[in-house]
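Structural description and commentary
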Amino acid sequence: YVSSTTLVALLIQGDPINEDDPDVVLRDADSIDRAHDDITRGRLAYAKHVLPALLKRYPLDFDIIEAQARLLEAEDDYDKAIAILGENAEKFFQFLETTVGKREGLIIPYSHKENKPFIGCLFKLGLYSWYKVIDEAALGHFKRLLSIDPSDPKGARYFILHLAIGLGRYDEASGLAN
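Keep in mind that what you see is a predicted model, and the values were worked out from it rather than measured. (Residues numbered from 1 in each chain as written. Predicted model: local features only at pLDDT ≥ 70, side-chain atom pairs only at ≥ 80, totals over all residues. Heavy atoms only, no water.)

Let us look at the overall build of the chain. Counting its regular elements, the chain contains nine helices and zero strands. Along the chain, from the amino end to the carboxyl end, the secondary structure elements read α-α-α-α-α-α-α-α-α. A buried classification covers 43% of the 178 residues belonging to the chain. Partitioning the contacts of the chain with sequence separation of at least 6, the portion at a separation of at least 24 is 62%. (Helix = DSSP H or I, 4+ residues; strand = E, 2+ residues; numbered from the N terminus. Buried < 20%, exposed > 50% of the residue type's maximum accessible area, 1.4 Å probe, protein only. Contact = heavy atoms within 4.5 Å.)

What follows is the structure, encoded as structure tokens:
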């Protein structure tokens, strides 16, 4: 079991943060929550303003990365969202490889709340790739998602099944269906 939040905490760069100052931590958490809420309501100006600053402070915080991807989705810029999600997921897996010694075969369960933003980002990466009809890439992202959390709370196996059939990989599809 690997906690994505624990690994992200090791990767935080930039200005030192006084963790004893509750105003700093609370202000940043409130900013992320407000950005998510504003994106949901279609009010994008605040998110456009605050997310780049938060990403600069916390470069691999997947809650912020997911909010940035949602902002880009709201602006119909799926290509940039795919690039940001893919780049940061790759950084995370590279970090896993250097710290844990491997990047495959690890379980990162969605059931642990600190992993939800990371799993959500991987799901969005597959989903946005599917939207853009980049089926091979989408299939790879959903397979990776299923491999790191076999309990499959996001339903990756259904996307894999659909994509495998669409790509003419019937043996792969039937193996998954069984």
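The discussion continues.
This brings us to the side chain of Gln-68. Within the element layout of this structure, Gln-68 appears in helix α4 (residues 62–74). Apart from residues lying up to four places away in sequence, Gln-68 is in contact with Leu-51, Pro-52, Leu-55 and Ile-84.

This part takes up the packing of aromatic side chains. Under the criterion given, the structure shown has 13 aromatic pairs. Where Phe-92 meets Phe-118, the ring centres are 4.1 Å apart and the plane angle is 45°; that geometry is what we call tilted. Separated by 26 residues along the polypeptide, Phe-92 in helix α5 (residues 78–100) and Phe-118 in helix α6 (residues 116–131) bring together distant segments of the chain. Comparing Phe-92 with Phe-118, the two get one shared label, buried. Judged by centre distance (5.6 Å) and plane angle (75°), the ring pair of Phe-123 and Phe-159 falls under edge-to-face. Of this pair, Phe-123 sits in helix α6 while Phe-159 is found in helix α8 (residues 156–166), placing the two residues 36 residues apart along the sequence. Each member of the pair, Phe-123 as well as Phe-159, carries the same accessibility label: buried. Members of the aromatic cluster, each reached through a chain of ring pairs, are Tyr-78, Phe-123, Tyr-128, Trp-130, Tyr-131, Phe-142 and Phe-159. Across from the ring centre of Tyr-110, 4.0 Å away, lies the NZ or CZ of Lys-116, which sits over that ring. (Phe/Tyr/Trp six-rings, centres within 6.5 Å; stacked < 30°, edge-to-face > 60°. Lys NZ or Arg CZ within 6 Å of the ring centre and 35° of its normal.)

This part is about α5. Between the first and last C-alpha of α5 there are 32 Å, a value that for 23 residues agrees with the 33 Å anticipated at 1.5 Å per step. Of the residues making up α5, those classed as buried are Tyr-78, Ala-81, Ile-82, Ile-84, Leu-85, Asn-88, Ala-89, Phe-92, Phe-93, Phe-95 and Leu-96. The positive-phi residue at the C-terminal boundary of α5 is Gly-101, with phi of around 95°. (Expected span 1.5 Å × (residues − 1).)

Looking now at the pattern of salt bridges. Under the defined criterion, the tally for this structure stands at ten salt bridges. Residue Arg-34 is joined to Asp-38 by a salt bridge in which the shortest nitrogen-to-oxygen separation is 3.4 Å. You can see Arg-34 and its partner Asp-38 sitting in helix α2 (residues 22–40), four residues apart, about one turn around the helix. Note on Arg-34: relative accessible area 42%, which makes it partly exposed. The residue Lys-91 makes a salt bridge to Glu-87 at a minimum N-O spacing of 3.4 Å. Of the two residues, Lys-91 and Glu-87 both sit in helix α5, four residues apart, roughly one turn of that helix. Residue class for Glu-87 comes out partly exposed when judged on its relative accessible area of 46%. Overlapping salt bridges, with partners in common, bring together Glu-136, Lys-143, Arg-169 and Glu-172 in one network. (Salt bridge = Lys/Arg side-chain N within 4 Å of Asp/Glu carboxyl O.)

Moving on, we get to the packing of helix α7 (residues 135–148) against α8. As a packed pair, α7 and α8 sit with axes 9 Å apart at the nearest point and diverge in direction by 150°. As summarised for this structure, α7 and α8 are arranged roughly antiparallel, according to the angle between their axes. Here α7 runs over α8; the crossing is left-handed. Packed against α7, whose contacting residues are Asp-135, Ala-138, Leu-139, Phe-142, Lys-143, Leu-145 and Leu-146, the element α8 presents Ala-156, Arg-157, Phe-159, Ile-160, Leu-163 and Ala-164 at the interface. In terms of residue class, the contact of α7 with α8 is made up of ten nonpolar, no polar and three charged. (Axes fitted to C-alpha atoms, helices over the stretch in contact; angles between N-to-C directions. Parallel < 35°, antiparallel > 145°, perpendicular 65-115°, else oblique. Left-handed = near helix turned anticlockwise from the far one by under 90°. Nonpolar A, V, L, I, M, F, W, Y, C, P; charged D, E, K, R; others polar.)

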